[in-house]
Amino acid sequence: MGSVIKPIRHTKSSALRAALTSEKIRKRNERQQPPRNGLSANSSSRNKMQSQVRPETRQRSSANLEFYSNKIQSRPAPGYTIEEMLKWKGNYDMLERNHRYIQWLFPIPDGRGMNHLAQPLQAHEAEAIRNDDRLSRRVLKAYKMMLHFYGMELASELDGSVRRCAENWRHRYRHLNKSKHNYLRITRIIKALGELGLDRYQVPWVRFIIEEAIDHDELPALRGSIYYWIYAIKDPHEVDFIRDSVKRVLPEPF
């Protein structure tokens, strides 16, 4: 399997590289044509998978915004403030065993996950976090913390490129290959990045995971979740391009 991001030395990489090139040309040509009936060929599948910020509820709730503003603790009790959670970097036991923090660090509109006291993300909250540099930096810091937990790190904040974390990747990859509940967390994180204004980080991370799971065979257990992560990307053109490239070597399961 070749890399979606860059040429790889393997024989299979040449095939995928060729597929990517032809696919990129085809997609570029398609973009110049108006979609039929206002819908792309893959809009139905994408709409099922991608999250959208839900409209305002009758009772305006701002728990996620207040949490990110460091005004309230997470629920249920005993809760933690955002600043307390962001100090958990390197605390693998806490990040692994606690199942009630991820919904607060990465709120999304379409579910509370394993924490029924977490609040689905509201439209006004997402907008406020996107437009506040201080809150956006907290989202980025949370993302970096989870990357480290998974044995990865940002290579660049500018382009969002991801690489292995030299200090822990072997240990954390071994853990990630057998810790399947983290695959749901990754889906949530990718969606939240898109909702909270950090969508530029979605594609580089998904592409890196594809490389590590398929091309380098370091994270083989993640292959079954790759399409869920592709469909969590906000940019529909990237979804089409990455999906159509990957399915040449990894069949889509749905």
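Now for a description of the structure that goes with this document. (Residues numbered from 1 in each chain as written. Predicted model: local features only at pLDDT ≥ 70, side-chain atom pairs only at ≥ 80, totals over all residues. Heavy atoms only, no water.)

1. Here's the deal with the packing of aromatic side chains
Applying the stated criterion to the full structure yields 11 aromatic pairs. Consider the rings of Phe67 and Trp104, whose centres lie 5.5 Å apart with planes at 55 degrees: the pair is tilted. Here the residue Phe67 occupies a position in helix H3 (residues 63-68), and Trp104 occupies one in helix H6 (residues 102-105), the gap between them amounting to 37 residues. Judged on exposure class, the residue Phe67 and its partner Trp104 are both buried. Between Tyr143 and Trp205 the ring centres are 5.4 Å apart and the planes differ by 70 degrees, which places this aromatic pair in the edge-to-face class. Here the residue Tyr143 occupies a position in helix H8 (residues 133-149), and Trp205 occupies one in helix H11 (residues 202-215), the gap between them amounting to 62 residues. We note that Tyr143, like Trp205, is buried. The rings of Tyr92, Tyr143, Phe149, Tyr150, Tyr201 and Trp205 are connected pair by pair, giving a single aromatic cluster. Across from the ring centre of Tyr92, 4.1 Å away, lies the NZ or CZ of Arg172, which sits over that ring. (Phe/Tyr/Trp six-rings, centres within 6.5 Å; stacked < 30°, edge-to-face > 60°. Helix = DSSP H or I, 4+ residues; strand = E, 2+ residues; numbered from the N terminus. Buried < 20%, exposed > 50% of the residue type's maximum accessible area, 1.4 Å probe, protein only. Lys NZ or Arg CZ within 6 Å of the ring centre and 35° of its normal.)

2. Considering the pattern of salt bridges
Per the counting criterion, the structure on display carries 11 salt bridges. Here Arg223 ties to Asp217 by a salt bridge, and the two come within 2.6 Å at their closest N and O atoms. Accessibility expressed as a relative area gives 30% for Arg223, which makes it partly exposed. Taking the relative accessible area as the measure of exposure, Asp217 reaches 43% and is therefore partly exposed. For Arg243, the salt bridge identified is with Asp240, shortest N-O distance 3.3 Å. Here Arg243 pairs with Asp240, and both are found in helix H13 (residues 236-246), just three residues apart, close to one helical turn. Residue Arg243 is classed as buried on the basis of its relative accessible area of 1%. Sharing partners across several salt bridges, the network here consists of Asp240, Arg243, Asp244 and Lys247. (Salt bridge = Lys/Arg side-chain N within 4 Å of Asp/Glu carboxyl O.)

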